[in-house]
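# Survey of secondary and tertiary structure
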Amino acid sequence: MAKQKVIDKLKDDPLMPLRHTAEHVLHTAIETLFPGAKKVMGPPIEEGFYCDFDYNGTISEEDFPRIESYMKEIIDADLPIVKHTLPVEEAKKIFKDNKYKLELIDEHSKDGDLTFYTFGKEGEKFYDIDLCAGPHVESTGKIKAFKLLSVAGAYWRGDEKNKMLTRIYATAFDSKNKLKDYLELVKERKNRDHRKIGRELEIFMQSEEVGPGLPLWLPNGAIMREELERWGKETENDWGYFRVMTPFMTKKTLFEISGHVPYFEEEMYKVAIPGEHEEEYFIKPMNCPFHHMIYKSKPRSYRDLPLRLAEYGTVARYENRGAINGILRPRVFTQNDAHIYCSEEQAVDVFVEIMDLHRYYYDKLGLKDYHIVLGLPDPEKKEKYHGNKEMWEKAERLSKEGMKKAGVAYEEEIGGAAHYGPKMDLKIKSAIGNEYAISTNQIDLYMPERFGLTYTDRDGREKPVVIQHRAPLGSDERFIGFLLEHFAGNMPVWLSPTQIVIIPIGEKHVKYCASLEKVMKEEGLRARVDDRNEPMNARIRDAQLMKVPYMLIVGDKEIAAETASVRLRTGENLGPIKTGEIIDKIKEMYLTRSLSLW
């Protein structure tokens, strides 16, 4: 399917006309209550709508009750929504003081007259006219329930060179009960926000002194990263990958060879090298060209293929401040990257193997709701892609054959390709329905040509390889951010920074607890004693707040019987269990990377 404008994509959503009308009600209220505010634009989106305004003052969530009250007056007035067709010159007179509308009028006037919608009558208390394609509900009274959600900043046209506008997000429904259910979901999303959980569980932090989009991993977060990478490396070793390591910067020449420079240079960080002013260097934005050079380091034959080169490679890409989102979208991140070099005849089977690896990871984590978006080139923007049509067609054919054989659902997105070939993003939904592009796979016929990557076939002829770019665990940053949200911070035992908190009931029990901690650490478990001068229940509560899977309470009876009273972070109390049995059980949960607690 082609990449669509949101309003077209949602055309079959029965709530879209209602939300589109609510957007007009909102911008009317803002222009009335905040003199000088100019409406810019505001489309429906999947779960509501937003409005952008050019306003030199401040609009905050504290203003929402007043805005909502005025909106309710407009809705209660039940004003009919009327469609009009106006010539361009008349439209420009109406919006002579709004440069954004004038720009949109010029943009949409190529097809002749323009469509506008009004409610109310000019000169009356409630009146609005706006350039709009529709559709809308019959009257403002059809909006049965609405809510303003948040305020943000947004650049006009998404270009940070333009003025920062005020954006208000909102939603609307055809019943109060549906709105109530949605607001409960919004509340849960806020509770699961990876930035909130990351702060509370001391996973990562941000620092203005360090810079935006450059997260600092705290000890707890470092453990999560190390566990995730260990799993990735162990798995790749079992699946026949060879590990490589590449430098964090390179001469510009490498990315001129790859062809990235004309397409990607604005997202790359330049580095000045003392004494080498004649050469330009970049901080590494991707691992691919480095791996291609490793492949090229010696002659290869068909016996070497498929060759799987893997690296947890740290890369840096520019993101504007407005796009940065904690560790889900930072400026520096570490990818679970690999490139598989194979023959064209092997390409489909290698693709299936890669999808099997994705399934292995996702099944182990209990992730079921995912699909592929196949990014294809936009024929109207040929300057964004290489120009070999035959190569594009072959790469697309191989990609589709691979997905068919792998049995994965996919949809097509025009404009989503990389400059060198089709791009397959695996999009996955969390437990509360948030969707993220977590990992990727790409069949690449272009880079072998750019780098001269070949192999000697059985017949002695030299042939180009096919490259498959894959990153099933995505980046450490995005994958951990996603898992924090998906599990609401209740990470599986193997990913939990602290797996066990041992709680002595009194001071005389501390020594025994310390010896138990020592044994558990020797067994490879992450345990600690909480012997603070706090009530036992407070220490249990604190461990639960930090999402620690196991709390072991130890007193006289437990020491005498060589047991500990086991309490799970869910609140379930398992009672006294032999310490040896506890260690064996937790080790089993840890080493098998189980999703269960007991």
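Everything below is about the structure printed above this text.
Residues numbered from 1 in each chain as written. Predicted model: local features only at pLDDT ≥ 70, side-chain atom pairs only at ≥ 80, totals over all residues. Heavy atoms only, no water.

## Describing the overall build of the protein
Helix and strand counts for the protein come out as 19 helices and 28 strands. Reported as C-alpha extents along the three principal axes, the dimensions of the protein are approximately 85 × 75 × 55 Å. Each of the 598 residues in the protein was classed as buried or not, and the buried ones make up 51%. A separation threshold of at least 6 residues defines the contact pool for the protein, and within that pool the share at least 24 residues apart is 71%. Accessible area of the protein: about 28800 Å², with a carbon and sulfur share of 49%. Side chains of the protein carry 90 positive and 100 negative charges; the gap between the two charge centres is 2 Å. (Helix = DSSP H or I, 4+ residues; strand = E, 2+ residues; numbered from the N terminus. Buried < 20%, exposed > 50% of the residue type's maximum accessible area, 1.4 Å probe, protein only. Contact = heavy atoms within 4.5 Å. Areas by Shrake-Rupley, 256 points an atom, 1.4 Å probe, with all protein chains shown as cover. Lys, Arg positive; Asp, Glu negative; His and termini not counted. Charge placed at Lys NZ, Arg CZ, Asp CG, Glu CD.)

## Here we look at the nonpolar core
Tyr-341, Phe-479, Ile-500, Ile-502, Met-520 and Leu-552 are the most contacted members of the largest nonpolar core, which totals 101 residues. Broken down by element, this core gets its largest block of residues, 10 residues, from helix α12 (residues 347-364). With residues up to four places along the chain from it excluded, the contact list for Met-520 reads Ile-500, Ile-502, Leu-525, Ala-527, Leu-552, Ile-582 and Ile-583. Counting 32 residues, the second-largest nonpolar core is a separate cluster that includes Ala-22, Phe-34, Ile-143 and Ala-172. (Core = buried A, V, L, I, M, F, W, Y, C linked by side-chain atoms within 4.5 Å.)

## Quick notes on helix α11 (residues 288-295)
Of all eight residues that make up α11, six are buried, and the element is covered over most of its length. Along α11, the residues classified as buried are Cys-288, Pro-289, Phe-290, His-291, His-292 and Tyr-295.

## Description of the packing of helix α16 (residues 510-522) against helix α19 (residues 579-591)
The contact between α16 and α19 brings their axes to 11 Å, and the two run at 35°. In this structure, the crossing between α16 and α19 has a hand that is right-handed. On α19, the residues that touch Tyr-512, Leu-516, Val-519 and Met-520 of α16 are Thr-579, Ile-582 and Ile-583. Looking at the contact of α16 with α19 residue by residue, the class counts come to six nonpolar, one polar and no charged. (Axes fitted to C-alpha atoms, helices over the stretch in contact; angles between N-to-C directions. Left-handed = near helix turned anticlockwise from the far one by under 90°. Nonpolar A, V, L, I, M, F, W, Y, C, P; charged D, E, K, R; others polar.)

## A closer look at the environment of Gly-575
With respect to the helices and strands, the residue Gly-575 is situated in strand β28 (residues 573-578). Each C-alpha atom of the pair Gly-575 and Leu-552 lies 9.5 Å from the other, and the pair is 23 residues apart in sequence. Excluding anything up to four places from it in sequence, Gly-575 contacts Ala-564, Ser-565 and Val-566.

## Side note on the packing of aromatic side chains
Counting across every chain of the model gives 19 aromatic pairs. Relative to Tyr-341, the ring of Tyr-295 has its centre 4.6 Å away and its plane inclined at 20°; by these criteria the two rings are stacked. Of the two residues, Tyr-295 is situated in helix α11 and Tyr-341 in strand β16 (residues 332-342); the sequence distance between them amounts to 46 residues. Like Tyr-295, the residue Tyr-341 is buried in the burial classification. With 6.0 Å between their ring centres and 65° between their planes, Tyr-550 and Trp-598 make a pair best called edge-to-face. Linking Tyr-550 in strand β26 (residues 550-554) with Trp-598 in the segment after α19, this pair joins segments that are 48 residues apart in sequence. Classification of Trp-598 by relative accessible area gives partly exposed; the value is 32%. Taken together through their ring pairs, the aromatic side chains of Trp-231, Tyr-360, Tyr-361 and Trp-494 make up a single cluster. Seen from the ring of Tyr-295, Arg-300 lies directly overhead, with NZ or CZ sitting 5.1 Å from the centre. (Phe/Tyr/Trp six-rings, centres within 6.5 Å; stacked < 30°, edge-to-face > 60°. Lys NZ or Arg CZ within 6 Å of the ring centre and 35° of its normal.)

## Brief notes about a nonpolar patch on the surface
A contiguous nonpolar patch, built from Met-205, Val-210 and Leu-216 and spanning about 210 Å² of accessible area, is present on the exposed surface. Within the fold, Met-205 resides in strand β9 (residues 204-205). You can call Met-205 partly exposed: its relative accessible area is 35%. (Patch = residues over 30% accessible without salt bridge, like charges linked within 9 Å, V, L, I, M, F, W, Y side chains within 5 Å. Salt bridge = Lys/Arg side-chain N within 4 Å of Asp/Glu carboxyl O.)

## Some details on the pairing of strand β8 (residues 164-173)
Most of β8 sits inside the fold, with eight of its 10 residues counted as buried. Both strand β3 (residues 48-54) and β8 contribute to a ladder of five bridges, which runs antiparallel. Paired with Tyr-50 across the strands is Tyr-169, a residue of β8. By the bridge criterion, 10 bridges tie strand β7 (residues 145-155) to β8 in an arrangement that is antiparallel. Looking across to β8, one finds that Ser-150 is bridged to Tyr-169. (Pairing = 2+ DSSP bridges.)

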